[in-house]
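This is what each chain is made of:
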Amino acid sequence: MTTDTDLLAFAERHPRLFVLTGAGVSTESGIPDYRDAQGNWKRPPPVTFQAFLGEESTRKRYWARSMIGWRTMGHAQPGPAHHALAALESQGRIAMLLTQNVDGLHQAAGSRNVIDLHGRIDTVRCMACEHRLPRADFQAELLRLNPDWAALDARAAPDGDADLELRDFSGFNVPNCPVCGGLLKPDVVFFGESVPRPRVEAAYTALEAADGMLVVGSSLMVYSGFRFVQRAAERRLPVAALNLGLTRADSLLSLKVEAPIGPTLERLAGLLVPPDARVA
């Protein structure tokens, strides 16, 4: 059985890590994850890009749920895992952090070399003119237009929305772009939508420069993240994973540690010596 001692040894052998994080990193911040220990959905899959663009009813339902869920997502604070990863970066141990999360908590904890693979939910984007506005400003407008919904409460969901069910969403008002009147969407990659190619290429470039890869808190069931483990395997780059449960890449891993993510990373950050501080 592997332990965090094995993870420490892995990090010592590979001092410039390419780190890929998933939803399991943010659960200690109160943001639910998507999948169970077997990699199955815990709840219905998120809204698709095609449905959001094509169906007004889907957009109304999404934004109503998001207005309630923003209370959790918009006020979430970095947890132990975020702070430990920021500390590892400051020690020179992390060359690049690629996150599948959209919560911005890695940057809030102090990580600098971050690629937000799926975008950021704290920004809203116009699909017509590309105007962007802060999600907090959009939230204020949603509340202004929908005062009767403001008092509703529901359990937070992984997408930054909430499990607001058995409601008639037809009367929910969704504002359009203040610049051109176009359709507004969170500046995140929805299911069925492609990750912008420049982000993928930047991540591949960073992976090529690393000497090891560490997956943290991700089942890798979504191909957009799994492909980076595939690329690492093609390069014969060793890959370790810290995750509670099955991952899609189990057969490709050099090491897998199933342990609580925050405490394990805190111990790792506390025990590792910065690479340039080691005695030759």
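The model shown is predicted, which means the values in this text are computed figures rather than measured ones.

Participant: Before we go on, may I ask you to explain helix 6 (residues 135-145) in this structure?
Facilitator: The α-helix advances 3.6 residues per turn, and as a result positions three or four apart in sequence lie on the same side. Of the residues making up helix 6, those classed as buried are Arg135, Phe138, Gln139 and Leu142. Within helix 6, the buried residues cover an arc of 105 degrees as seen down the axis, which keeps them to one side. Residues of helix 6 that are buried make contact with helix 3 (56-73), strand 4 (119-126), strand 5 (132-134) and strand 6 (184-188).

Participant: Honestly, the sheet that holds strand 1 (residues 17-21) in this entry has me stumped. Any pointers?
Facilitator: Across a sheet, strands are paired by hydrogen bonds formed along the backbone, either parallel or antiparallel in direction. The strand order 3-2-1-7-8-9 describes an open sheet built from six strands, whose pairing is parallel. Two strands lie at the open edges of the sheet, namely strand 3 (114-116) and strand 9 (255-257), each paired on one side alone. Looking at each pair of strands side by side, their axes are set apart by 15 degrees on average, direction ignored. Where strand 2 (residues 94-99) lies against strand 3, three bridges are found, and the strand directions are parallel. By the bridge assignment for strand 3, Leu98 is matched with Ile115. Contacting strand 1 and strand 2, helix 4 (residues 80-90) runs over the sheet at an angle of about 150 degrees to strand 2.

Participant: When you look at the nonpolar core in this model, what are you seeing that I'm missing?
Facilitator: In globular proteins that are soluble, nonpolar side chains generally tend to be buried together. Counting 28 residues, the largest nonpolar core has Trp63, Ile121, Phe138, Trp149, Phe172 and Leu184 as its most contacted members. Counting 26 residues, the second-largest nonpolar core is a separate cluster that includes Met96, Val200, Tyr204 and Val215.

Participant: Even after reading the chapter, I still don't get unusual backbone geometry, so can you show me in this structure?
Facilitator: Backbone phi values are negative for most residues with the exception of glycine, while trans is the configuration of most peptide bonds. The phi dihedral of Glu130 is positive, around 70 degrees, even though this residue is not glycine. Among the secondary structure elements, Glu130 is positioned in the loop between strand 4 and strand 5. A positive phi is found at Arg236, a non-glycine position, where the angle reads about 60 degrees. Looking at where Arg236 falls in the secondary structure, it is placed in the loop between helix 8 (223-234) and strand 8 (239-242). Arg236 sits in the exposed class, given a relative accessible area of 77%.

Participant: Where do I start with the pattern of salt bridges in this structure?
Facilitator: Any two side chains of opposite charge can pair, given that their charged atoms come close. Under the counting rule described, the total for this entry stands at 14 salt bridges. Residue Glu141 pairs with Arg144 through a salt bridge whose shortest N-O separation is 2.7 Å. Taken together, the positions of Glu141 and Arg144, both in helix 6 and three residues apart, correspond to about one turn of that helix. Linking Glu193 and Lys185 is a salt bridge whose minimum nitrogen-to-oxygen distance equals 3.1 Å.

Participant: Where do I start with the state of the cysteines in this structure?
Facilitator: Among covalent bonds in proteins, the disulfide is the one between the sulfur atoms of two cysteines. Under the criterion given, the structure shown has zero disulfides. Here Cys129 is not cross-linked by a disulfide; its sulfur's nearest cysteine counterpart is in Cys180, at 3.6 Å. This cysteine, Cys177, is not joined by any disulfide, and Cys126 carries the nearest cysteine sulfur, 3.7 Å off.

Participant: What am I meant to see in the side chain of His82 here?
Facilitator: Secondary-structure assignment places His82 in helix 4. On the basis of relative accessibility, which here comes to 0%, the residue His82 falls in the buried class.

Participant: Please clarify how the packing of aromatic side chains should be interpreted in this entry.
Facilitator: Two measures describe an aromatic ring pair: the distance that separates the ring centres and the angle between the ring planes. Counting across every chain of the model gives 10 aromatic pairs. Geometrically, the ring pair formed by Tyr62 and Trp63 is edge-to-face, given 5.2 Å between the ring centres and 85 degrees between the ring planes. Here Tyr62 and Trp63 have matching classes, each one buried. Measuring from ring centre to ring centre gives 5.0 Å for Tyr204 and Phe228, while their planes differ by 50 degrees; the resulting arrangement is tilted. With Tyr204 in helix 7 (residues 197-209) and Phe228 in helix 8, this pair connects stretches of sequence that are 24 residues apart. For the cation-ring pair, Lys185 lies above Phe190, with the distance from its terminal atom to the ring centre recorded as 4.5 Å. Against the face of Tyr204 rests Arg231, its NZ or CZ located 3.7 Å from the ring centre.

Thresholds, definitions, all that
Residues numbered from 1 in each chain as written. Predicted model: local features only at pLDDT ≥ 70, side-chain atom pairs only at ≥ 80, totals over all residues. Heavy atoms only, no water. Buried < 20%, exposed > 50% of the residue type's maximum accessible area, 1.4 Å probe, protein only. Helix = DSSP H or I, 4+ residues; strand = E, 2+ residues; numbered from the N terminus. Arc of directions from axis to C-beta. Contact = heavy atoms within 4.5 Å. Pairing = 2+ DSSP bridges. Axes fitted to C-alpha atoms, helices over the stretch in contact; angles between N-to-C directions. Core = buried A, V, L, I, M, F, W, Y, C linked by side-chain atoms within 4.5 Å. Salt bridge = Lys/Arg side-chain N within 4 Å of Asp/Glu carboxyl O. Disulfide = S-S within 2.5 Å. Phe/Tyr/Trp six-rings, centres within 6.5 Å; stacked < 30°, edge-to-face > 60°. Lys NZ or Arg CZ within 6 Å of the ring centre and 35° of its normal.

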